[in-house]
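# Inside the fold
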Amino acid sequence: MNLYIRYFNKEILVKSVDEALDFLRSIPEIGLSQSLEEDIREYAVSDVMFPKRYKIRQRVYFIVIKTTAETMADFKMKKGVRPVSPDNPTGEKREATTSSTNKLAEIRPGWYEGSLDFKRVVMIPTTGKHEYRDTRFVVQCKADSGMDCYNRIVEHLRSRVDHRSQFPSAKGKNFRFKYLGMWK
């Protein structure tokens, strides 16, 4: 695993922690302390793949990023920032996102169970004021797709709750659906 380090316009891609520490020692403003050196060594051997940001002074940082890129050009073209397997060339997260989007649009007529968590406007009787309340609505309905199920739920709720209520996106985590089977 290689390390990319950047401090303002100074940047380097190194193959070892010692090279990284030599680069940081060459920048006088950083002032490499023993605890900072130990933290960088721990980060380099850990399983954490997120970039690490180190504070020098107020609003001044340098960053360290783990990468599998062999050259600075590869790193700049975002090759090796996230490990890519041969059977998943686009990256795991992207495939999961497109998969859920595809499931939402997949035409499959039948019964669906849809669950929607939304912000419902309700009046407090004692004060006469209104507030938002988290509300879960679960329904079984006939639909042609997950998106159709979402649209039917929102259409039903809009005519029955306060017009100021807020509904989440169908692609978000607050809408879930399950295909139950074909209707008769």
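Heads up: the structure comes first, above all this text.
Residues numbered from 1 in each chain as written. Predicted model: local features only at pLDDT ≥ 70, side-chain atom pairs only at ≥ 80, totals over all residues. Heavy atoms only, no water.

## Description of the state of the cysteines
Going by this rule: Our working definition of a disulfide is a cysteine sulfur pair at a distance within 2.5 Å. Each residue's exposure class comes from its accessible area (1.4 Å probe, protein chains only) as a fraction of the maximum for that residue type: buried when under 20%, exposed when over 50%, partly exposed otherwise.
Taken as a whole and assessed by the stated rule, the structure comprises zero disulfides. Free cysteine: Cys-141, not disulfide-bonded; nearest cysteine sulfur from Cys-149 at 3.8 Å. Exposure remark for Cys-141: the relative accessible area of 12% places this residue in the buried category. The class of Cys-149 is buried, set by a relative accessible area of 0%.

## Regarding the sheet that holds strand β4 (residues 60–67)
To keep it simple, the criterion reads: The rule for pairing is simple: two strands pair if DSSP sees at least two bridges between them. Elements are defined by DSSP. Helices are runs of H or I of four residues or more, strands are runs of E of two residues or more, and each kind is numbered from the N terminus. Lines fitted to C-alpha atoms define the axes here, with helix axes fitted over just the stretch in contact, and angles between the N-to-C directions of these axes take values from 0 to 180 degrees. Contact between two residues is taken to exist if any of their heavy atoms lie within 4.5 Å; hydrogens are not considered.
One open sheet holds the four strands; their spatial order is β2-β1-β4-β3, and the pairing between them is antiparallel. At either end of the open sheet lies a strand with only one pairing partner, and these are β2 (10–14) and β3 (52–57). Between one strand and the next, the sheet's axes are offset by a mean angle of 15 degrees, whatever the strand orientation. For strand β1 (residues 2–7) and β4, the ladder comprises five bridges, and the chain directions are antiparallel. Bridge pairing in β4 links Ile-5 to Val-64. Strands β1, β3 and β4 of the sheet are contacted by helix α2 (residues 34–45), whose axis makes an angle of about 30 degrees with β4.

## Some words on the nonpolar core
What counts here: Put simply, a nonpolar core is a bunch of buried Ala, Val, Leu, Ile, Met, Phe, Trp, Tyr and Cys residues held in one set by side-chain atoms that sit within 4.5 Å of each other.
Ranked by size, the top nonpolar core spans 18 residues in total, and within it Ile-40 and Phe-62 carry the most contacts. Secondary structure elements with two or more residues in this core: β1, α1 (17–25), α2 and β4. Ranked by the residues each element gives to this core, the list is headed by α1, at five residues. Other than its neighbours up to four places away in sequence, Phe-62 contacts Ile-5, Arg-6, Tyr-7, Leu-24, Ile-30, Leu-36, Ile-40, Lys-52, Arg-53, Tyr-54 and Ile-56. Formed by 15 residues, the second largest nonpolar core is a distinct cluster that contains Leu-104, Tyr-112, Leu-116 and Ala-170.

## Focus: unusual backbone geometry
Most of the time, phi is negative for any residue but glycine, and the peptide bond is trans. Non-glycine residue Phe-8 carries a positive phi angle of around 55 degrees. Along the chain, the position of Phe-8 falls in the loop between β1 and β2. Located in the positive-phi region is Arg-59, a residue other than glycine, with phi close to 60 degrees. Secondary-structure assignment places Arg-59 in the loop between β3 and β4. A relative accessible area of 71% means that Arg-59 is categorised as exposed.

## With respect to α1
Our working definition: Picture the helix axis, draw a direction to every C-beta atom, and the arc is the one those directions span.
Turning to α1, its buried residues number three or more, namely Val-17, Ala-20, Leu-21, Phe-23 and Leu-24. Along the axis of α1, the buried positions cluster into a sector of 155 degrees, meaning they face one direction only. Packed against the buried residues of α1 are β1, β2, α2 and β4.

## What to know about the environment of Pro-51
Checked against the element boundaries, Pro-51 lands in the loop between α2 and β3. Through-space distance from the C-alpha of Pro-51 to that of Ile-65 is 4.5 Å; in sequence the pair is 14 residues apart. Ignoring any residue separated from it by four or fewer positions in sequence, one finds Pro-51 in contact with Tyr-43, Val-64 and Ile-65.

## Topic: the pairing of β3
Two faces belong to every sheet, and in a regular strand the side chains alternate between them. One ladder, built from five bridges, connects β3 with β4; its direction is antiparallel. What sits directly across from Arg-53, in β4, is Ile-63. In sequence, β3 turns back onto β4 through a hairpin of two residues, with Arg-59 there showing a positive phi of about 60 degrees.

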